[in-house]
Amino acid sequence: MARIAVIGAGAIGGTLAAWLAQSHDVTVCARSPLADLEIETPGRTLRAAPRILTDPATAAPVDWVLATTKTYDCAAAAAWLPGLMGPDTRLAVIQNGVEQRERFPMVAPERTVPVIIDLPAERTAPGRIVQRRDGTILVPEGAAGAAFVALFADTVIAAETTPDFVTAAWRKLAINCSGIVSAITRRPAEVANDEGVAEVMRALVRECIHVGRAEGAALPDKLVDQVVEWTRKAHPDSVNSLHADFVAGRPMELDARNGVIVRLGEKHGIPTPLNQALAAVLAASRS
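Residues numbered from 1 in each chain as written. Predicted model: local features only at pLDDT ≥ 70, side-chain atom pairs only at ≥ 80, totals over all residues. Heavy atoms only, no water.

- The protein chain has the name 2-dehydropantoate 2-reductase in an unreviewed UniProt entry, where Sphingomonas gei is given as its organism.
- The UniProt entry for the protein chain carries the following text under Pathway (unreviewed entry): "Cofactor biosynthesis; (R)-pantothenate biosynthesis; (R)-pantoate from 3-methyl-2-oxobutanoate: step 2/2."
- Taken verbatim from the UniProt record of the protein chain, the Function (unreviewed entry) comment is "Catalyzes the NADPH-dependent reduction of ketopantoate into pantoic acid." (UniProt positions renumbered as here; feature names shortened; annotations may be inferred.)

Listed below in C-alpha cells is the structure:
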C-alpha cells in the first residue's frame, strides 16, 4: 500500500483519488473541505472517503504526489510540495500539454514523472464526478514510470509505460488543441459531426503535427482525420475541460492546449495561424 497525495479535487484528481483509495492510503489536497468522493462510472458507483487537507501546513511526506490541477494553478499546487515531498517522494504531473516537467522546476527531473491521461470525466458538484469511460495513462519507461503504473494495478484505468513519451504527449496535444472548437461554439463533442467544424479541427491538428515533428514527435499524417473520428465516437454530450472552464467563467488552459503550439512553432519557424487566431478569439470572448 502506497501513501499517495492527490493535489486537486477536480474531475481528474477526484476520479484518480477515488480509484486509488480502494487499495492505497490516499490524501486529497483541496481548496475546500469535502465529505467524500462519489464517481459515477460506466460500471458502477464508486465511493471513497480519503483524507482531505485544505492547508499546506498540515501536509506530511508521502510516497507519491499526483499534481492534477489545471496548468494555471501550478503555483497553488507547488505550495503543497514542501510538506508532501520527502527524500524519496516522486511527483507525477498529470496535466495537459507537453511541458509537465517545466512547470515544477523545484523538483528534480529524475523525481518527476510526466503523465499523459485520457480519462473523460466531468465534475457535477464538489466530490461528485461522472466518469464517461475507463481511461488510459501513459508515462515514460524507466523505474519511476513502472512504479507509477503499479499504483493502478487494482483499478480500471489502464496505465502503461511508453518508450516514446514525446510522441505520446504530442499525440494527446493534437486531440486537445482541436477541442477549442467546442469552447468557441459552446457545443459538446457532437459538434465534430458538422463537417465545416471538422475541417477546422483538421487544420488545427495539422499545425500541431508540424510543430510536434520539429520537437521530435513521430506523428503520422492520418492523425488529422483520426482526431475528428475519435471526437465523433465520443459520448455526444462529453465536454472537454477548456469548454467547461470557459462556460463556467474560470481561467482556461489556452496556453497549454493551443498557445504552446504557437510558441514552439515560432521557435522552429513554423506558422500556426489557426491555433493563434482561435486562441485569440476565445480569449477575447471572455473580456
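What about the pattern of salt bridges?
Here is step 1: Evaluated as defined, the whole model comprises 20 salt bridges.
Here is step 2: Measuring nitrogen to oxygen at the nearest pair gives 2.9 Å for the salt bridge that ties Arg263 to Glu99. With Arg263 in helix 10 (residues 254-268) and Glu99 in the loop between strand 7 (85-94) and strand 8 (112-118), this residue pair connects regions lying 164 residues apart in the sequence.
Here is step 3: Accessibility expressed as a relative area gives 18% for Glu99, which makes it buried.
Here is step 4: Each member of the salt-bridge network shares a partner with another, and the members are Glu195, Glu199, Arg202, Arg206, Asp225, Glu229 and Arg232. (Salt bridge = Lys/Arg side-chain N within 4 Å of Asp/Glu carboxyl O. Helix = DSSP H or I, 4+ residues; strand = E, 2+ residues; numbered from the N terminus. Buried < 20%, exposed > 50% of the residue type's maximum accessible area, 1.4 Å probe, protein only.)

Details of the packing of helix 5 (residues 165-178) against helix 7 (residues 195-214)
Here is step 1: For the pair helix 5 and helix 7, the least separation of the axes is 8 Å and the interaxial angle reads 150°. By the angle between their axes, helix 5 is roughly antiparallel relative to helix 7. Of the two possible hands of crossing, helix 5 and helix 7 adopt the one that is right-handed. Here helix 5 contributes Trp170, Leu173, Ala174, Cys177 and Ser178 to the contact with helix 7, which in turn contributes Met201, Leu204, Val205, Cys208, Val211 and Gly212.
Here is step 2: Its residues assigned to classes, the contact of helix 5 with helix 7 shows nine nonpolar, two polar and no charged. (Axes fitted to C-alpha atoms, helices over the stretch in contact; angles between N-to-C directions. Parallel < 35°, antiparallel > 145°, perpendicular 65-115°, else oblique. Left-handed = near helix turned anticlockwise from the far one by under 90°. Contact = heavy atoms within 4.5 Å. Nonpolar A, V, L, I, M, F, W, Y, C, P; charged D, E, K, R; others polar.)

Things to note about the layout of surface pockets
Here is step 1: The space that makes up the second largest pocket amounts to roughly 260 Å³.
Here is step 2: If you trace the second largest pocket, you find 13 residues lining it, with Val98, Glu99, Gln100, Glu102 and Val166 closest to the centre.
Here is step 3: The set of elements that each furnish at least two residues to the lining of the second largest pocket consists of helix 5 and helix 10.
Here is step 4: Ranked by residue count, the leading element in the lining of the second largest pocket is helix 5, at four residues.
Here is step 5: Classifying every residue of the lining of the second largest pocket by side-chain character gives seven nonpolar, one polar and five charged.
Here is step 6: Counting contributing residues per domain, the lining of the second largest pocket is built from domain 1 (3-162) and domain 2 (165-285), each supplying no fewer than three. (1 Å grid on protein atoms, 1.4 Å probe; cavity = no way out; pocket = protein on both sides within 12 Å on 5 of 7 lines; lining within 4 Å. Points joined across faces, edges and corners; volume = space filled by probe spheres on them. Domains from an automatic or database assignment.)

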